[in-house]
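# Descriptive structure summary
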Amino acid sequence: MSHEAALQATIGDLVQSGRGILAADESAPTIAKRFQAIGVESTEENRRAYRSLLLSAPGLGAYISGVILFEETLSQKTDDGRLLPAAAWEQKIVPGIKVDKGKIPLALSPGDEITQGLDGLAERLAGYREQGARFAKWREVYTIGKHLPSVTGMAANAEMLARYAAVCQSEGFVPIVEPEVLMDGDHGLERCADVTEAVLHAVFHALHRHRVVLEHMLLKPSMVVPGKVQPKAGPETVAAATLRVLRRTVPAAVPSIHFLSGGQGPEEATANLDALNRSGGASPWRLSLSYGRALQQPALQAWGGKSGNVQAAQQALLKRARLNSLAMQGRYTAEMEND
Ligand code: 5MM
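Remember, it's a predicted structure, so these values are computed and weren't measured experimentally.

Attention now goes to the layout of surface pockets. Roughly 1100 Å³ of volume is contained in the largest pocket. Glu 26, Thr 30, Arg 34, Arg 139 and Arg 293 are the residues nearest the centre of the largest pocket, which is lined by 46 residues in total. Counting only elements with at least two residues in the lining of the largest pocket, the list comes to helix H2 (28-37), strand E3 (94-98), helix H5 (121-130), strand E6 (135-142), strand E7 (174-181) and helix H10 (293-303). A per-element tally of the lining of the largest pocket places H2 first, with six residues.

Of all hydrophobic cores here, the largest spans 97 residues; its most connected members are Tyr 164 and Leu 207. Here the element with the most residues in this core is helix H7 (residues 189-209); it accounts for 11 residues. Apart from residues no more than four positions distant in its own chain, Tyr 164 is found in contact with Val 99, Leu 118, Leu 121, Ala 136, Lys 137, Trp 138, Pro 175, Ile 176 and Val 177. Grouped together as the second largest cluster of nonpolar side chains are 12 residues, Leu 7, Ile 11, Leu 14 and Ile 21 included.

For the rest of this paragraph, the subject is the site of the ligand. Among the 17 residues in the neighbourhood of the ligand, the closest are listed as Ser 27, Thr 30, Lys 137, Ser 261 and Gly 262. For the ligand, an oxygen atom lies 2.6 Å from a polar atom in the side chain of Ser 27. Ser 261 is positioned with one of its side-chain polar atoms (N or O) 2.4 Å from an oxygen atom of the ligand. In isolation the ligand exposes 510 Å². Once the protein is present, 91% of that is buried. Here the ligand occupies the largest pocket. If you list the elements that add at least two residues to the shell around the ligand, you get E6 and E7. Within the shell around the ligand, the residues separate by chemical class into three nonpolar, five polar and nine charged.

Cut-offs used in this document
Residues numbered from 1 in each chain as written. Predicted model: local features only at pLDDT ≥ 70, side-chain atom pairs only at ≥ 80, totals over all residues. Heavy atoms only, no water. 1 Å grid on protein atoms, 1.4 Å probe; cavity = no way out; pocket = protein on both sides within 12 Å on 5 of 7 lines; lining within 4 Å. Points joined across faces, edges and corners; volume = space filled by probe spheres on them. Helix = DSSP H or I, 4+ residues; strand = E, 2+ residues; numbered from the N terminus. Core = buried A, V, L, I, M, F, W, Y, C linked by side-chain atoms within 4.5 Å. Buried < 20%, exposed > 50% of the residue type's maximum accessible area, 1.4 Å probe, protein only. Contact = heavy atoms within 4.5 Å. Near = heavy atom within 4 Å. Polar contact = N/O pair within 3.5 Å; in protein donor to acceptor, adjacent residues only side chain to side chain. Areas by Shrake-Rupley, 256 points an atom, 1.4 Å probe, with all protein chains shown as cover. Sits in = over half its atoms within 2 Å of the grid points. Nonpolar A, V, L, I, M, F, W, Y, C, P; charged D, E, K, R; others polar.

Below you can see the structure in the form of C-alpha cells.
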C-alpha cells in the first residue's frame, strides 16, 4: 500500500461517528504518578496488567476507534498471550504511538518549554510500523502567564509540531498534532481564548510551511476554559468560546478534532464535549475526544492494582467511553451518570 493510501485508510478507521481515541501513552514518570495515587508500584508487570485490562475491555471498540500507546506497550502481551496492539485491533481499535520524548525548557526563553524527539524519528517510525502502530502523537505544552507563552515560544513549538507531522506523513503515519494550553493559573477564560487562538494560528502556519496534508492529520487541542483556580465555566460557555477560536484558526480540511481533557473531571469533560457537539454540529470537522485522565480515572480507581478488580475496572472504562460516545453525538445528559 502506498503511504498516501495508508494515511487515507488510517483516517477512515480513526474518524468515525461516536468513536474517540483513548490516550494511554503516559510516560514512565506520569504513569508512576497515576499509580502512586492508587497505592500501586509502577513496575513493568503492573503497567502491562493495567494497559492490558484497558485494551481488552469487551465492547470497547464500539466507542473507541484508536488508542495512543507508550513505546513499552507495543511489545507487551495480554494475560492470554496476545500482543497488546493486536488485541486492540481485534476490536478495530487502531494502535498509535507517542513519539515525542518529553519537554525541556526552551533555551533563552524563560518560562517557555519545547518538546524533544525529532532526531531519528523516521527510523523509529519504521520500527513502530513493524509493531502494528499506524498513527503517532506529539504534544507541545504552553503555560499561560503574564508574558507567556512568548512569541518565540509559540513559533518554536509550532515548528516542532509541523516538522514532526511532516516526518510522520512521509512515513505513512497519521500525525496527531497536540498543542496543549495548560489550565494551570489564575487567568480568565478570555485570556485562554486569546492564547489558544495565537497558538493555533502559529501551528497551522507552520503546518502549511512544511506542506503537511491537512486531510491526513488530526488536531488534539485543549478546550478554552478559565485557569484552574478560577470558578469553572459551564459547558455552554466553554463550547461557545472553544468553537469561536477553532472556527477562526482550524481549516475545514482537517477531518476531526480530538480534545484532550487536561485535568477536567470525567463528568465535566463529557458534559463539555456534549455541549460542543450540540452547538457545533454544523462544524466542518468532527468534534471528538482523545482523553487520557477523563476516560481512565474511574477505571484506575476501580482497579487499584488487584486482579480481582479487572472486570469492575473495565466496566468503569466502558461507562465513560459509552457516555462520551453519546456526547460526541450531542446526546448525553447528566442523569445518564446514574443509569
Ligand atoms: C496520557 O498522557 C499523555 C502523555 O503525557 P506525558 O508525556 O506527560 O506522560 C498526554 O499527552 C495525554 O495524551 C494528553 O495530555 C491528554 O490527556 P488528558 O489526561 O489531558 O486527557
